[in-house]
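Descriptive analysis of the structure
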Amino acid sequence: SVLAIALCLWEALAFIFSQYLPGGEEAYPTISVLLDPFLNWLPGKIIFIGLWLAAGLALLRVWSKR
């Protein structure tokens, strides 16, 4: 949860900084801007979708033992 909160804070601060400070998006890239080159590549999309689905299933605790 600490990692998730840190990523959310990074994304929020990078977005605010990129909008209001000089240098904009180049100086303060958001996570989505950093992932764009990887996600424009077909294997990158497949990997991202797999990780996204695995994270969602983990949040739903599909693999947990009862």
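1. Points about the overall build of the chain
The helix and strand tally for the chain stands at four helices and zero strands. Dimensions of the chain, computed from C-alpha atoms along their principal axes, come out at roughly 50 × 30 × 10 Å. A buried classification covers 8% of the 66 residues belonging to the chain. For the chain, the exposed surface amounts to about 5,800 Å²; the carbon and sulfur share of it is 73%.

2. Re the layout of surface pockets
Any empty space left between atoms is shown by rolling a water-sized probe over those atoms. Approximately 450 Å³ is the volume attributed to the largest pocket. If you trace the largest pocket, you find it lined by Ala4, Leu7, Cys8, Ile31, Ser32, Leu35, Phe48, Trp52, Ala55, Gly56 and Leu59. Broken down by class, the residue content of the lining of the largest pocket amounts to nine nonpolar, two polar and no charged.

3. Digging into the environment of Glu11
If you trace the backbone, Glu11 turns up in helix α1 (residues 2-20). On the accessibility criterion, Glu11 (25% relative accessible area) is partly exposed. Sequence spacing of Glu11 and Phe48 is 37 residues, and the spatial spacing of their C-alpha atoms is 18 Å. Once residues within four sequence positions are removed from consideration, Glu11 is found in contact with Thr30, Ile31 and Ser32.

4. Quick look at the side chain of Thr30
Position of Thr30 among the secondary structure elements: in the loop between α2 (24-27) and α3 (31-39). Ignoring anything within four residues of it in the chain, the contact list for Thr30 reads Glu11, Ala14 and Phe15.

5. Quick look at the packing of α3 against helix α4 (residues 42-59)
As a packed pair, α3 and α4 sit with axes 7 Å apart at the nearest point and diverge in direction by 120 degrees. Taken together, the axes of α3 and α4 are oblique relative to one another. For the pair formed by α3 and α4, the contact residues are Leu35, Phe38 and Leu39 on the first element and Gly44, Lys45, Ile47 and Phe48 on the second.

6. Comments concerning the packing of α1 against α3
Their axes nearest at 9 Å, the elements α1 and α3 cross at an angle of 95 degrees. The orientation of α1 with respect to α3, classified from their angle, is roughly perpendicular. Listed contacts from α3 to Leu7, Trp10 and Glu11 of α1 are Ile31, Ser32 and Leu34. Considering only residue class, the contact of α1 with α3 consists of four nonpolar, one polar and one charged.

Definitions and limits used
- Residues numbered from 1 in each chain as written.
- Predicted model: local features only at pLDDT ≥ 70, side-chain atom pairs only at ≥ 80, totals over all residues.
- Heavy atoms only, no water.
- Helix = DSSP H or I, 4+ residues; strand = E, 2+ residues; numbered from the N terminus.
- Buried < 20%, exposed > 50% of the residue type's maximum accessible area, 1.4 Å probe, protein only.
- Areas by Shrake-Rupley, 256 points an atom, 1.4 Å probe, with all protein chains shown as cover.
- 1 Å grid on protein atoms, 1.4 Å probe; cavity = no way out; pocket = protein on both sides within 12 Å on 5 of 7 lines; lining within 4 Å.
- Points joined across faces, edges and corners; volume = space filled by probe spheres on them.
- Nonpolar A, V, L, I, M, F, W, Y, C, P; charged D, E, K, R; others polar.
- Contact = heavy atoms within 4.5 Å.
- Axes fitted to C-alpha atoms, helices over the stretch in contact; angles between N-to-C directions.
- Parallel < 35°, antiparallel > 145°, perpendicular 65-115°, else oblique.

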